[in-house]
Amino acid sequence: MFDVGLGATLVVRILDGDIGRVTLKPRDGYRLDRGWSIAPGGLEPAYEGRPRDSLEGFACPKASVAESDDKVVLSAGGLTAEVTLSPFGIAWRRAGEDKPFLQDRTTQAYLMSPRTGAVAHFMARDYTERHYGLGDKAGPLDRTGRRFAIDAVDPCGFDAELSDPLYKMLPFFIVDGPAGAHGVFYDNLSTGSVDFGCTLDNYHGLFRSWTGDDGDLDYYVMAGPSVPEVVKRFSWLTGGQAFAPLWSFGFGVTSMAIADAPDADARISDFIGKLTTHRIPCDSFHFGSGYTQIGHRRYAFNWNRQKFPDPKATMTRLNDAGIFTVANLKPCLLDDHPRLQETLDGGFLVKDGQTGEPAVAQFWDGLGFHLDFTNPKGRAWWRDGIETALLDYGFSTVWNDNNEYEIWDEDALCNGDGRPYRQALARPAQALLMTKLSHEAQAAREPAKRQYAITRGGCAGISRYAQTWSGDNETAWKTLRYNLTQGLNMSLSGLFSIGHDVGGFHGPTPDPELFCRFNEFCSLWPRMVMNSWNDDGVVNLPWMYPEMVPQVREAILLRYRLMPYLYTQMWRASRDGIPAVRPLLYDFPQDATAVKTDDAFMLGPDLLVAPVLEQGASERSVYLPAHKGGWYDWHEKKHHAGGAIVTVAAPLGRLPLFVRAGALIPLGDPAGISEFRELLVCGLVEGASGELYEDDGDTADWRGAGASVMRFEVCDGEIDMTQEGSAALPFDRIAIRHIGD
């Protein structure tokens, strides 16, 4: 512990062999003495939050301390923190390394403002370092040279290259460079900013910085030294990724226009029929908030009985077609909500701390008030609404939407489970708790089954409960290019179950070419949901362009063909903290060209996906990383050497896809026949291995007796297969298909 002036103390800890922590405590105590993001190894915090001083869940290895006149050196478990006393600064080193991988800048590394409550941290930066992370931020894969706001708004139709801020507040980043990779996470839920070298100041040398407008300086250091190790540890630190049921990885559709239409129920019946007519597989239908309308305004837990005379019958029709249903739900109650008086009488809306009245917020259709999920009475009321207005009618799950909590009343106050705090200290915690509550409400009904929830807003830790996506993207060609890098950075930020609105959410209706390329682009992300609110009211649906139905169907069927592989990769993401979708640098860090490639991505360790991103293109050039044995074209079966750029045909409907030599990839039947499995052998490479995860699709016991894992290995020119786990398999044989020798 160090006295850093103004009565404040700073504590440096080594929590594990590769995780360090620095915490600044003001004289009068923490600005917010709890948090909701930290959940080491899945140690779930209570709704009240995890005490900031808690060390529960960490190994806390025995440390050695060496002191001299100007330095204090703390070492434990292979990690060292060297603290220089004047000027104060910390340098972090891994065991066996002479140079620090992370070092505070030597001039004024920390800021604490008694006047404004702001805090800041400044680190030295190497010119060659690259920066990744920050969740759903827009722009290129490498974020070096940019400054980002840590804030959340509702940026409908956002520019995927330039818009900032977006939906999530996630101050975690990865630095990769000559000293290897490390990660830094600031456990602070206030607004702020991160600067990756946008600011140059001749007095301080090269630096990067984090600033919190309020709250506490409390940061975690993940030592790496590789990008995969940092990603895995950050996922572990914040509780990991919920493993969703199999159906949630299928193709899904939503449209505000369908639920908003006066004949919404009839349109849903038409939708079901056209799926059959056009032979389009679909696992889920996501209801936009139009089902809650009175006039043109939307009211949580209200059913518009003119559009949906019999909601249970609507759900039954969808369920009978094999389609799961998802309810859009927003946490703001408009000022004329039919049930507003209940919330006023209960006192569980976010309040103005000066007047005690509900804090007013601007929302879609007018002014409203936000439910306070830190109030147990509010949670009980909201959960009752989920159960009686949604689940009782047959909805499968909840889509937590518009939960950025844009309450700009600086006196807004949260109940804090009896220990109130200012809303500005933890806005995204409301979205996290809203999602946690919806997840638990569903699980209570079906405790033997895994649950699926969705959230748009939130902070680190939302992955413990939900899937998320890049948000209300713009219908534009550049969206393809930058949704790709946006998604990759989300995945590197511990958000493993992600995707993009197929076709673009808002803007002009996509033309046939862009619509087709959008479907190809989105077909191999963990989430594939078609969603739109186009300027002219035209709905993005698979058959919106009759001439493109075969191509759209081909993109969707490719997803189902690869579903056993995708599902296995998502199982690994939840079990091991290994993202299914990741940039080439994740798997090929020694390949300098692969490290700079940001127009393609890896799906698991074996598939390289190179979507067409340019208008008018009929072929695609892509760099294939250096790899012994090279790569195979999925479509043409042609072999390509690694370490080179190749150009392949890419007619509409064909997603350029390459398979790593030596891969053993489990495949399914695009028609959805569960009893069918194939193993794609991509060149018979001695020692090559692969795996296939199988369960009933939704068992809660996915780590135990509810699952089986098939492991494959090439030995002496033969494929050996073993089964781990006792769960029954839906098939009794696996066909072998070869690519290459």
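What counts as what
Residues numbered from 1 in each chain as written. Predicted model: local features only at pLDDT ≥ 70, side-chain atom pairs only at ≥ 80, totals over all residues. Heavy atoms only, no water. Patch = residues over 30% accessible without salt bridge, like charges linked within 9 Å, V, L, I, M, F, W, Y side chains within 5 Å. Areas by Shrake-Rupley, 256 points an atom, 1.4 Å probe, with all protein chains shown as cover. Salt bridge = Lys/Arg side-chain N within 4 Å of Asp/Glu carboxyl O. Helix = DSSP H or I, 4+ residues; strand = E, 2+ residues; numbered from the N terminus. Buried < 20%, exposed > 50% of the residue type's maximum accessible area, 1.4 Å probe, protein only. UniProt positions renumbered as here; feature names shortened; annotations may be inferred. Pairing = 2+ DSSP bridges. Axes fitted to C-alpha atoms, helices over the stretch in contact; angles between N-to-C directions. Parallel < 35°, antiparallel > 145°, perpendicular 65-115°, else oblique. Left-handed = near helix turned anticlockwise from the far one by under 90°. Contact = heavy atoms within 4.5 Å. Nonpolar A, V, L, I, M, F, W, Y, C, P; charged D, E, K, R; others polar. Domains from an automatic or database assignment. Buried area = accessible area lost by both parts, 1.4 Å probe. Disulfide = S-S within 2.5 Å. Expected span 1.5 Å × (residues − 1). Arc of directions from axis to C-beta.

### Comments concerning a nonpolar patch on the surface
Among the surface-exposed residues, Tyr127, Leu200 and Leu206 lie close enough to one another that they form a single nonpolar patch of about 380 Å² accessible area. Mapped onto the secondary structure, Tyr127 falls in the loop between strand S12 (119-124) and strand S13 (130-133). What makes Tyr127 exposed here is its relative accessible area of 69%.

### Structural notes on the UniProt feature "domain: Glycoside hydrolase family 31 N-terminal" (unreviewed entry) in the chain
When the UniProt feature table is mapped onto this chain numbering, "domain: Glycoside hydrolase family 31 N-terminal" (unreviewed entry) sits at residues 10-195. In residues 10-195, the share of helix is 0% and the share of strand is 43%. The end C-alpha atoms are 23 Å apart.

### Topic: the pairing of strand S25 (residues 324-329)
Regular strands show a simple pattern: their side chains alternate between the two faces of the sheet. Summarising burial for S25: five of the six residues are buried, a large majority. In the sheet, strand S22 (residues 284-287) pairs with S25 via four bridges, with the strands oriented parallel. In the sheet register, Ser284 faces S25, and the bridge partner there is Phe324. Alignment of S25 against strand S30 (residues 397-400), held across four bridges, turns out to be parallel. When the sheet's bridge partners are listed, Ala327 is paired in S30 with Val398.

### Focus: the packing of helix H6 (residues 376-390) against helix H7 (residues 427-445)
Look at H6 against H7: their axes get within 10 Å of each other, and the N-to-C directions meet at 50 degrees. As the angle between them shows, H6 and H7 are arranged oblique. As for how H6 packs across H7, the hand of that crossing is right-handed. Every residue of H7 that contacts H6 at Arg379, Trp382, Arg383, Ile386 and Glu387 is listed here: Met434, Leu437, Ser438, Glu440, Ala441, Ala444 and Arg445. A class-by-class count of the residues in the contact of H6 with H7 yields six nonpolar, one polar and five charged.

### Regarding the domain arrangement of the chain
For the chain, the assigned domains are domain 1 (2-238) and domain 2 (246-328 + 398-404 + 417-575). Summarising the inter-unit geometry, the C-alpha centres of domain 1 and domain 2 are found 33 Å apart. Facing 50 residues of domain 1, the contacting portion of domain 2 comprises 51 residues. Between domain 1 and domain 2, a total of about 4,200 Å² is buried, with carbon and sulfur atoms accounting for 57% of that surface. Taken together, domain 1 and domain 2 are joined by eight salt bridges.

### Section: the pattern of salt bridges
All chains considered together, the criterion is met by 58 salt bridges. Across the salt bridge formed by Arg422 and Asp214, the nearest N and O atoms sit 2.5 Å from each other. One end of the pair, Arg422, is in strand S32 (residues 421-422); the other, Asp214, is in the loop between strand S19 (207-212) and strand S20 (218-222), and 208 residues separate them in sequence. Residue Arg422 is classed as partly exposed on the basis of its relative accessible area of 29%. In this structure Asp214 comes out as buried when scored by relative accessible area, which is 9%. Among the salt bridges present, the one from Arg379 reaches Asp417, with a minimum N-O distance of 2.8 Å. Of this pair, Arg379 sits in helix H6 while Asp417 sits in the loop between strand S31 (412-414) and S32; the two residues are 38 residues apart in sequence, bridging distant segments of the chain. Taking the relative accessible area as the measure of exposure, Arg379 reaches 10% and is therefore buried.

### Points about the environment of Pro542
Along the chain, Pro542 turns up in the loop between strand S38 (533-534) and helix H10 (549-561). In this structure, the C-alpha to C-alpha distance between Pro542 and Gly503, residues 39 residues apart in sequence, is 9.6 Å. In this structure Pro542 touches Phe251, Ile280, Phe515, Met530, Val549 and Val552, once residues within four positions along its chain are discounted.

### Looking at the state of the cysteines
Across all of its chains, the model carries zero disulfides by this definition. Take Cys156: it sits in no disulfide, and the sulfur closest to it among the cysteines is that of Cys522, at 17 Å. On the basis of relative accessibility, which here comes to 32%, the residue Cys156 falls in the partly exposed class.

### Quick look at the side chain of Glu694
Within the secondary structure layout, Glu694 lies in strand S49 (residues 689-694). The exposure class assigned to Glu694 is buried, which follows from its relative accessible area of 5%. Sequence-distant contacts of Glu694, defined by excluding residues within four places in its chain, comprise Arg677, Gly706, Ala707, Ser708, Leu729, Pro730 and Phe731.

### Digging into H6
The end-to-end C-alpha distance of H6, which contains 15 residues, comes to 20 Å, matching closely the 21 Å that a straight helix rising 1.5 Å per residue would cover. Gly378, Arg379, Trp381, Trp382, Gly385, Ile386, Ala389 and Leu390 are the residues of H6 that are buried. Relative to the axis of H6, the buried residues are bounded by an arc of 165 degrees and lie together on one face. Elements that come into contact with the buried residues of H6 comprise S25, strand S26 (332-334), helix H5 (340-346), S30 and H7.

### Details of the UniProt feature "domain: Glycosyl hydrolase family 31 C-terminal" (unreviewed entry) in the chain
The residues that UniProt annotates with the feature "domain: Glycosyl hydrolase family 31 C-terminal" (unreviewed entry) are residues 577-665. Across residues 577-665, the secondary structure splits into 10% helix and 35% strand, with the terminal C-alpha atoms separated by 20 Å.

### Re the sheet that holds strand S18 (residues 192-195)
Taken in spatial order, the five strands line up as S11-S12-S19-S18-S14 in an open sheet, and their pairing is antiparallel. Edge positions in the sheet fall to strand S11 (110-112) and strand S14 (147-150), since each has one partner strand and no second. Along the sheet, successive strands turn relative to each other by an average axial angle of 10 degrees, direction set aside. Where S12 lies against S19, six bridges are found, and the strand directions are antiparallel. Looking across to S19, one finds that Ala124 is bridged to Phe207.

### Concerning the pairing of S19
S19 sits mainly inside the fold: six of its six residues count as buried. Along S19, one buried face is formed by Phe207, Ser209 and Thr211 and the opposite face, lined by Arg208, Trp210 and Gly212, is buried too. Here S18 pairs with S19 via four bridges, running antiparallel. Bridge pairing links Asp195 to Ser209 in S19.

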